[in-house]
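Below, each chain spelled out in residue letters.
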Amino acid sequence: MFAEASLSIWGWGGLGVVLFLISFGPFAIFYLAFYILCFIGGGFVVLLLFGKTNSEKHLERCEHSYLPSTQTAILKVSEEMKSESKPIKIDRRLTGSNIIDEPLQQVIQFALRDYIQYWYYTLSDDETFLLEIRQTVQNALVQFSTRSKEVDWQPYFTTRLVDDFATHLRVFRKAQERLNEREDPKQRDAPDELLDSFFEAEVEMERNICRDMVCMSRKDEEGYLRDLCEVLLYLLLPSGDFHNKNMRYFLREVLARGVLLPLINQLSDPDYINQFVIWMIRDSSCNYEAFMNILKLTDKPPELEAVKDKVLEELQHLRSLDTGADDINIIKNQINSLLFVKKVCETRIQRLQSGKEVDALKLAANFGKLCVIPLEHILVHNIALQFFMDYMQHMGGQAVLFFWLTVEGYRVTAQQQLEVLQSSQRDGKKQSSQTTKGLLRAAAVGVYDQYLSEKASPRVQVDEAAVTRLAQKLSKEDPTPEIFDEIQRKVYDMMLKDERYYPSFRQHPLYVRMLAELDMLKEPSYRGSDDGDGESFNGSPTGSINLSLDDLSSGSVDESAQLHASISDTADAFLNQLPMAGVCNDHGKTYALYTITVIRKNSDGSEDIWKTYRRYSDFHDFHMRITEQFESLGPILKLPGKKTFNNMDREFLEKRKKDLNSYLQLLLNPEMVKACPMLIPYVYDFLENKAYSKGKGDFARKVPPLIQKSDIDPEHCRVSAQLDDNVDDNIPLRVMLLLMDEVFDLKERNQWLRRNIKNLLQQLIKATYGDTINRKIVDHVDFMTSPEQVSDYVKRFRDSYWPNGILAETPPRRDKSLRMRTRVAAKTTLLGIMPDELKHIIGADTTRKGILRVFEMFQHQSLNRRLVYVFLEGFLETLFPQYKFPDLFVKLHSRSPRVLKYSQKLRSLHKR
């Protein structure tokens, strides 16, 4: 049965296969197998996807099973917040002044439009983000405005700003000097070598700061600006806005790369600076002499080539003109002038390219064809006298020259005093002739003792008989302005005829340099001699030496409260009341005068009482005198400092009163007198009832760093380090003197020149501002920071970046020829505006070199960037004095490899 069943199955199966093959063909078996495999694979895939989906749902249910379900109210509030947009109110007030806020709002609007909206609207139409940005910017501006109003900007504009510029110029001058010391001319002319020398000098001066990476690397500069902007945002933005990283980073990039970096690029561009110089002094007429001097002095062939090309263009234009008979002569003159300029340019280019440039001083000294300037003119001309003074000091004959000059000053002063006395007597005014004659006698005796007496050192060697006659006149007769005439003539003859003095001076290199300063070296058209033959020298003396006779300034003194000082023969002293200052006015000058009541106890028990009047300048001069004489007193005695502005304020005078009282109390302390017994005569002299004779002199008292020795090497420190912290009186004048030191390199000049510079500046300041220089400076700074001026600054910024409300396109770089001609025009303008009085004081050659040094400094963009960053850092330190910006800048700039290298060098030197 089983066999039959198997047979039937195989039979029917075989029949089915045969029928399948007959029906579907021999390849049907393969299709069947393929269908079966696809069915199995499809079923497996469906099972896999279904299982994965169910697993994920199960895991999600497990996770949420441990959290409470979301409340319906929260979902409803979320939906309402999404459906409603919260309006943001913008307060358009920024600075509290409408005339400033209006243009400032326009600047904000333009900046948002051109830097944000143009790309933001491609992403979203929601205005919320833009309003938030605007609100944040306005909050920062409000904080900035509030902080600016709280700052006293006078010290920044009168001291810090000038100091930063002068220090930058000092570093540049040191870099130039280092390059000039190199023997290879290619190294001296390479711009990279100058930059290396500059930043090396900066490290030596700043010690732990070097801005080379910020100024020479675009990547480091952007990183520095980002760090700085982030700090500013931290100070100006509300806490919530600052901690919003998206907002903070966005504003940081816009401020750093969209505002500051383009602004710094423009301000540091040498061509922009040259154009700005021309625009600033556009009202001055072009000086032909200055233009020709620039062409003859320039060492840049591209400048000469540019001028030459412009000349050829003008010549072609003039020759193509159709002119009538009346214009032909004018055209010919213009063509001749242009041909002359063309010849000068070609000659100069040929010399520079051939390397045959010669030094005019050496050329004149070798040929010996020099102008002859009589001694009598040298002695009355400031520039000539300065070089002759240097020569006389070199030869050891300075006492002879100083005696002649001092006598001249005595004569002028004596004549003025006697004229005042006679005028007062004619007008019926009471003025003691004995007082005037006593002052003249004291001055004459002082001249005699200093130069002619046996105790004089050095002593002027003249006819002893004449000296004896002079001594007898001084002892028996009233001194007259002509009392020294006989000996002065003998001294003049000595300087004129002695081979050591004037005859040798005419053969000395200093004489050649003197002619160069007087502009008499180029074409010697002067010939003269000491006997008066020939054309006279047209030197215009701008000043003379006057022997000052101190008088007690008159004024209304507050007698109600006085400083009482009691001095005994045994050096015991005490102060029993505080001093009060009386405010005096003398010929428009206001100052404080202190009344000192002195009580001197004698050994017999009696007392001498008198009053004496002293200004603060007298206290300071006295302090300088005793601290120099007794060096041990310097660390002990501290004189209260001065105040440049608002120094007549009652509270300030009260504080100074107490400080001066403490100063005198310490000075008169018995222990102090016992330690310095030689101090007593100085104290008695200061407290005597007489006009105080300033031992240091007005110039030395006001500008001590310029003419006195200092422990600080001025070449390795900032310019402001030379300002005495205890003497901030008349800071604008002193800062200008220090700036002139750097511009014209006057530190090697003698004190005579410095004194004349000081007198010149005082005359210029007085002609411009009058006697109230400090008040004028305060008014000028107030004017510069007034709402009207600030509004004008904002409008200029707006019109510069968005002329007619449209973002200004980056102007194409001007061609080289145009930039070179702009350089020549800027140099010519700068040289042309220099006043003749300045040239008469410091010399024409020194003036030219100083002006060209400043101009050359601005022709290096990396150095200009450094100056811009120095100004920016000083501005921020002044704006935020309570924050540690100096430490921040040290940290940011100390990353320079030059700082690390210099630190290693210092450590190695210390180890040695």
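It should be noted that the structure appears before, not after, this text.
**So, the nonpolar core**
Okay, step 1: One finds Tyr 224, Leu 225, Leu 295, Phe 880 and Phe 885 to be the most contacted residues of the largest nonpolar core, which totals 91 residues.
Okay, step 2: Once you skip the residues sitting within four places of it in the chain, Leu 295 turns out to touch Leu 304, Val 307, Val 341, Val 344, Cys 345, Arg 348 and Val 824.
Okay, step 3: Ranked by size, the runner-up nonpolar core spans 54 residues in total, among them Phe 388, Leu 440, Val 447 and Val 462.

**Let's talk about the pattern of salt bridges**
Okay, step 1: Overall, the coordinates contain 40 salt bridges when judged by the stated rule.
Okay, step 2: One salt bridge in this structure joins Glu 221 and Arg 865, with 2.5 Å as the shortest N-O distance. In this pair, Glu 221 is assigned in helix α10 (residues 218-236) and Arg 865 in helix α39 (residues 861-879), connecting sequence segments 644 residues apart. Neither Glu 221 nor Arg 865 differs from the other in exposure class; each is buried.
Okay, step 3: Among the ionic pairs, Arg 796 bridges to Asp 792, the shortest N-O distance being 3.1 Å. Here Asp 792 and Arg 796 lie together in helix α35 (residues 787-801), a separation of 4 residues that amounts to about one turn.
Okay, step 4: You can call Asp 792 partly exposed: its relative accessible area is 26%.

**Brief notes about the packing of helix α6 (residues 154-180) against helix α38 (residues 844-857)**
Okay, step 1: Two numbers describe how α6 lies on α38: the axes approach to 10 Å, and their chain directions differ by 95°. Classed by the angle they form, the pair α6 and α38 counts as roughly perpendicular. Facing Phe 165, His 168, Leu 169, Phe 172, Arg 173 and Gln 176 of α6, the residues of α38 in contact are Arg 853, Val 854, Glu 856 and Met 857.
Okay, step 2: Tallied by class, the residues present in the contact of α6 with α38 amount to 5 nonpolar, 2 polar and 3 charged.

**Some thoughts on helix α29 (residues 680-687)**
Okay, step 1: Val 683, Phe 686 and Leu 687 are the residues of α29 that are buried. All buried residues of α29 lie within an arc of 90° about the axis, which places them on one face of the element.

**Concerning a nonpolar patch on the surface**
Okay, step 1: A contiguous nonpolar surface patch, about 1,200 Å² in accessible area, is contributed by Phe 27, Ile 29, Phe 30, Tyr 31, Leu 32, Phe 34, Tyr 35, Ile 36, Phe 39 and Ile 40.
Okay, step 2: Within the element layout of this structure, Phe 34 appears in helix α2 (residues 28-64).

**Some remarks on unusual backbone geometry**
Peptide bonds are trans in most cases, and residues, glycine excluded, mostly fall at negative phi.
Okay, step 1: With a phi close to 70°, Arg 207 is a non-glycine residue in the positive phi region.
Okay, step 2: Tracing the backbone shows Arg 207 in the loop between α8 (191-206) and α9 (212-216).
Okay, step 3: The residue Asn 804 is not glycine, and still its phi comes out positive at about 60°.
Okay, step 4: Mapping Asn 804 onto the fold places it in the loop between α35 and α36 (816-832).
Okay, step 5: Looking at Asn 804, the relative accessible area reads 78%, which means it is exposed.

Reading the values: rules and limits
Residues numbered from 1 in each chain as written. Predicted model: local features only at pLDDT ≥ 70, side-chain atom pairs only at ≥ 80, totals over all residues. Heavy atoms only, no water. Core = buried A, V, L, I, M, F, W, Y, C linked by side-chain atoms within 4.5 Å. Buried < 20%, exposed > 50% of the residue type's maximum accessible area, 1.4 Å probe, protein only. Contact = heavy atoms within 4.5 Å. Salt bridge = Lys/Arg side-chain N within 4 Å of Asp/Glu carboxyl O. Helix = DSSP H or I, 4+ residues; strand = E, 2+ residues; numbered from the N terminus. Axes fitted to C-alpha atoms, helices over the stretch in contact; angles between N-to-C directions. Parallel < 35°, antiparallel > 145°, perpendicular 65-115°, else oblique. Nonpolar A, V, L, I, M, F, W, Y, C, P; charged D, E, K, R; others polar. Arc of directions from axis to C-beta. Patch = residues over 30% accessible without salt bridge, like charges linked within 9 Å, V, L, I, M, F, W, Y side chains within 5 Å. Areas by Shrake-Rupley, 256 points an atom, 1.4 Å probe, with all protein chains shown as cover.

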